[in-house]
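# Secondary and tertiary structure notes
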Amino acid sequence: MTALARNITGLELRDYQQDAVDSVFRIWEEEPTSSPLIVLPTGAGKSVCVAELSCRFLAEYGKKVICVIHVKELVAQNYRKFREHEPSIGVGIFSASLGRKDYGRRVTFANIQSIYRQAEHFRNVGLLLIDEVHLVPHADDGMYRTFINGLRAVNPDLKICGLTATPWRTNSGNLCEAYGEAQPIFSEVAYELPMTELLKRGFLSTMRAAP
């Protein structure tokens, strides 16, 4: 595959971004209940992967998508990237700090703090994307678990996919392994690309200290 690949949604993806998205859907074909992770370094373009995952899920499964994250700046960034590439798809923001609480959109970008008690208003959501998942607590309670349990109560077939730059938490280890009595949200790493590969291919720049 070339360094840039174009797929049916019109998004231009780098080859590793396309491979990451393909890996998630390949896993769901083999194991529909799996909750996979995409591991890409900071600067690799996870927001493009979020947009492509959303568009492809809409095309293949016909259910709505929510992407949650903990900070408003990343909510806005993911929203802008999606709008840039797919302006024809109804997309909204659910974030008190951004002054918007949109319902009924095909794709929604949300602060977890604003949406975690609102699952009953998002009954036709088939895919929950969680960005920066290394910051999701491993415990069985909390906002992320509350939202997941609420979505599954109205849609038992809910699929979950996470994105992160690291599949480890400093205080509790691997994101795909149990920690104490708490079971992991994520089942396996679908795709992982080291920073060294992106540096070697010129997608990231090396750091140099100022003299």
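Cut-offs applied
- Along each chain, residue indices are assigned from 1 in the same order as the chain's sequence is written.
- Owing to the predicted nature of the model, reporting of local features is limited to residues with pLDDT of at least 70; listing and counting of side-chain atom pairs is limited to 80 or more, with chain, interface and lining totals taken over all residues.
- For the side-chain quantities, the full set of heavy atoms in the structure was used; hydrogens and water were omitted.
- Only DSSP runs of H or I with at least four residues qualify as helices, and only runs of E with at least two residues qualify as strands; both kinds are numbered from the N terminus onward.
- Using a 1.4 Å probe on the protein chains alone, a residue whose accessible area is under 20% of its type maximum counts as buried, one over 50% counts as exposed, and one in between counts as partly exposed.
- Here, residues are in contact when the closest pair of their heavy atoms is within 4.5 Å.
- Exposure was quantified through the Shrake-Rupley algorithm and a 1.4 Å probe, taking into account, for residues, occlusion by the shown protein chains and nothing else.
- What makes a salt bridge here is a side-chain nitrogen of Lys or Arg within 4 Å of a carboxyl oxygen of Asp or Glu, nothing more.

Along the protein, the regular secondary structure elements total 6 helices and 12 strands. Residues classed as buried in the protein amount to 51% of the 211 residues present. Sequence-distant contacts in the protein: of pairs separated by 6 or more residues, those separated by 24 or more amount to 69%. Of the roughly 10400 Å² of accessible surface on the protein, a fraction of 49% belongs to carbon and sulfur atoms.

Under the defined criterion, the tally for this structure stands at 5 salt bridges. Residues Arg105 and Asp102 are paired through a salt bridge, measuring 3.9 Å at the closest nitrogen-oxygen approach. Look at Arg105 and you get partly exposed, because its relative accessible area is 32%. Owing to a relative accessible area of 11%, Asp102 belongs among the buried residues under this scheme. Here the residues in one salt-bridge network are Asp22, Arg56 and Glu60, joined through shared partners.

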